[in-house]
Amino acid sequence: MLDNEILEMYKPLVTFIAQFCGPSCEVVLHNLNDPKRSIIAIENGHYSKRSIGDPLTDFGMEILNRGLYKNSDYLINYKGYVRGKEFKSSTYFIKNGDEKIIGMLCLNSDVTPINDLDRAITNLKRFYNLKQSSSGYRESLDAPVDSILHDMIHNAIQEYDGNISLQDRIDIIQKLKKNGVLAMKGGIAEVAKQLNVSEPTIYRYMHK
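This structure is a prediction, so every number in the text was calculated from the model and none was measured.

A. Structural detail: the environment of His30. Mapping His30 onto the fold places it in strand β1 (residues 25–31). Sequence separation between His30 and Ile94 is 64 residues, and the spatial gap between their C-alpha atoms is 9.3 Å. A distance of 2.7 Å separates polar atoms of two side chains, one belonging to His30 and the other to Ser38.

B. Summary view of the state of the cysteines. With the rule as written, the count across this model stands at zero disulfides. In this structure Cys106 is not part of a disulfide, and its nearest cysteine sulfur, from Cys25, lies 11 Å away.

C. Spatial organisation of the pairing of β1. In terms of burial, β1 is a largely internal element, seven of the seven residues being buried. The side-chain alternation of β1 yields two buried faces, one formed by Cys25, Val27, Leu29 and Asn31 and the other by Glu26, Val28 and His30. By the bridge criterion, seven bridges tie β1 to strand β5 (residues 101–110) in an arrangement that is antiparallel. Bridge pairing in β5 links Cys25 to Ser109.

D. Structural view of the pattern of salt bridges. Across all of its chains, the model carries eight salt bridges by this definition. Here Arg50 makes a salt bridge to Glu26, at a shortest N to O gap of 2.8 Å. With Arg50 in the loop between β2 (39–43) and α2 (58–66) and Glu26 in strand β1, the pair connects residues that are 24 residues apart, well separated along the chain. Among the residues examined, Glu26 registers a relative accessible area of 2% and is labelled buried. With its nearest N and O atoms 3.7 Å apart, the salt bridge here joins Lys85 to Asp110. Highlighted residues: Lys85 in strand β4 (residues 85–95) and Asp110 in strand β5, separated in sequence by 25 residues.

So, how was this worked out
- Residues numbered from 1 in each chain as written.
- Predicted model: local features only at pLDDT ≥ 70, side-chain atom pairs only at ≥ 80, totals over all residues.
- Heavy atoms only, no water.
- Helix = DSSP H or I, 4+ residues; strand = E, 2+ residues; numbered from the N terminus.
- Polar contact = N/O pair within 3.5 Å; in protein donor to acceptor, adjacent residues only side chain to side chain.
- Disulfide = S-S within 2.5 Å.
- Buried < 20%, exposed > 50% of the residue type's maximum accessible area, 1.4 Å probe, protein only.
- Pairing = 2+ DSSP bridges.
- Salt bridge = Lys/Arg side-chain N within 4 Å of Asp/Glu carboxyl O.

Shape descriptors only; they carry no functional weight alone.
Pasting the structure below:
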């Protein structure tokens, strides 16, 4: 297949990609056999003001001169700029059967509105002092009360390894009492369950 025939097969992709990505994405197909008139198809060219017959960009020439296409099939997500607008750009290298580069399919997405929004949100967070907390403390705001109670008692018991002695049980009860856990609804019943003792025993340990 001739080089021009290969490139002709990519022309429908230019329109397809542009329609899929929307008007924020410029799609350009280059024929590298004539770098001075390389563009053979373009959609959404209003960003760069380019049209069919326009030349390859300086970066496109750099890709060729530096051989950036030799070890990869594409370059992805590099920055491009047009009249103060920032673009997220990617280039696919089109090669023939001899692995010679014959064309480039370039996508340039205008990310200026996204960057403007990101800066606006950053400024808004700074205005309201909404910095990410670095205190190290965490609070579960959606857990049911029963689950919170269970976890608090469980964690207190887990501090004691192996078999829990009588004195350990008393210490656990005293700590839970001090932290207000036993004053919570269901606290006495839950700690009795986890320590495998009766509720009257818990009351007795509370007053030791």
